[in-house]
Structure formats: C-alpha cells, structure tokens
Amino acid sequence: MKKLSFLLVMLTFACTSVFAQLTKDQIVGEWTRAKAYTKAYLDAMPADGYAFKATPEVRTFAGQMLHLADANYFFVGMASGKVSPLGKDVSVEKTVAQTKEATTKAVLDSYDYAISAIQGMTEAQFKEEVSMGKMKSTRGLMLAKGFEHQTHHRGQTTIYIRLKGVTPPNEMLF
C-alpha cells in the first residue's frame, strides 16, 4: 500500500511539473478545453439536480461547481497577479444562487477570467516565484495546481450526475 501511495504522489507531481512547463498558448488551450468540458457537465445536470447532494455531508452539485469557480479565481489570481473581478474575499459559492442558470454563468465567468488572465501573462512570468503564505511556488506551478483543483471537483460531480440517472459527458482530453 505504501508503494502504491508513493507511486500516486510521484505521478501527480510529475503531471503537475509537466503542466508547469507548457507554453502560454498550450496552457490557454488547456483552460479553454477545461471550460468546454465543465460546461458539458453543467449542461448535463438537470435543473432540479443543482441542489442535489450525493450524501448529506457533501456539497450540492451547484456547490461543487461554485467551489471550483472560487478556486479558479484564487489560483489564477495568485499566479497572474490579476485582481479578481469579484473583489477581495468574495465567494461565488456563498453568494450565487444555486440554480442551473446562475451557477453556469458564475462558473463560466471564472473560466473567462482565468483564460484572460493567463493570456495577459508573459512566458517569463510562468517561471517567477510567488508566495502563498509560507508556501512558495512558480506562477506556472500555481496555474497547474489550480488546473488540478478544477479537474478534481469536476470529476467529483460525475457521481452526482449518475445518481440523477444521467450519463456524464465523455472525457475530453483533446
């Protein structure tokens, strides 16, 4: 079990390290693809499923997606230095109505912000160091962590969609 855990940690590190070495155009392309993939998930969930919880202890489907949006603003803001259009300490998860229309708009707006902010960066900025509390990272690695986070939460919503009797979107790797 320890070997498997170690292997998974190393694989995750390798993947995020590779992502951090992509060109700006490639990173923009990946975030654009992620936006389309997330939209497919948002479209797949019926409107009455946005308030659905897989278990009482977890976020609603809308809550998962709005949390994803909050993290897009956070990670990309940290990486790019571009201020969120929401302002400081504003959470879409806590302020946006958990309806299909409002959630979809808020989530897609977070991707538009992310893509625009990344487009505004220079290749040299991806190698610059930024601090998040005591943790230091390059801007490129911060973008990779944000990308990993949105992938994780989108993936979690697969079970929500299946529990509502809907087939989730096919994987969109390219």
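Rules used in this analysis
- Residues numbered from 1 in each chain as written.
- Predicted model: local features only at pLDDT ≥ 70, side-chain atom pairs only at ≥ 80, totals over all residues.
- Heavy atoms only, no water.
- Axes fitted to C-alpha atoms, helices over the stretch in contact; angles between N-to-C directions.
- Helix = DSSP H or I, 4+ residues; strand = E, 2+ residues; numbered from the N terminus.
- Parallel < 35°, antiparallel > 145°, perpendicular 65-115°, else oblique.
- Left-handed = near helix turned anticlockwise from the far one by under 90°.
- Contact = heavy atoms within 4.5 Å.
- Nonpolar A, V, L, I, M, F, W, Y, C, P; charged D, E, K, R; others polar.
- Salt bridge = Lys/Arg side-chain N within 4 Å of Asp/Glu carboxyl O.
- Buried < 20%, exposed > 50% of the residue type's maximum accessible area, 1.4 Å probe, protein only.
- Pairing = 2+ DSSP bridges.
- Phe/Tyr/Trp six-rings, centres within 6.5 Å; stacked < 30°, edge-to-face > 60°.

### Some details on the packing of helix α2 (residues 24-44) against helix α3 (residues 61-80)
Moving on, step 1. Look at α2 against α3: their axes get within 12 Å of each other, and the N-to-C directions meet at 165 degrees. On the basis of their axis angle, the class for α2 and α3 is roughly antiparallel. Crossing hand, α2 versus α3: left-handed. Seen from α2, the contacting residues are Trp31, Thr38, Tyr41 and Leu42; seen from α3, they are Phe61, Met65, Asn72 and Val76.
Moving on, step 2. Partitioned by chemical class, the residues of the contact of α2 with α3 number 6 nonpolar, 2 polar and no charged.

### Points about the pattern of salt bridges
Moving on, step 1. Counting across every chain of the model gives 6 salt bridges.
Moving on, step 2. Two residues, Glu30 and Arg33, come together in a salt bridge whose shortest N-O distance is 2.5 Å. With Glu30 and Arg33 both in helix α2, this residue pair falls 3 residues apart, about one helical turn.
Moving on, step 3. With relative accessibility at 16%, the residue Arg33 sits in the buried group.

### Looking at the pairing of strand β2 (residues 135-138)
Moving on, step 1. Two elements, strand β1 (residues 129-132) and β2, share 4 bridges in a ladder whose sense is antiparallel. Looking at β2, one finds that Val130 is bridged to Ser137.

### Let's talk about the packing of aromatic side chains
Moving on, step 1. According to the stated counting rule, one finds 8 aromatic pairs in the structure shown.
Moving on, step 2. When the ring of Trp31 is compared with that of Tyr111, the centres are 6.1 Å apart and the planes differ by 55 degrees; the resulting orientation is tilted. With Trp31 in helix α2 and Tyr111 in helix α5 (residues 100-119), this pair connects stretches of sequence that are 80 residues apart.
Moving on, step 3. Residue class for Trp31 comes out buried when judged on its relative accessible area of 0%.
Moving on, step 4. Seen in terms of ring centroids, Tyr73 and Tyr113 are 5.0 Å apart; in terms of plane orientation they differ by 40 degrees. Their pairing is tilted. Remark: Tyr113 occurs in helix α5 and Tyr73 occurs in helix α3; sequence separation between them is 40 residues. Taken as a pair, Tyr73 and Tyr113 share a single burial class, namely buried.
Moving on, step 5. By the ring-pair criterion, three or more aromatic residues cluster together here, those being Tyr50, Phe52, Phe61 and Tyr160.

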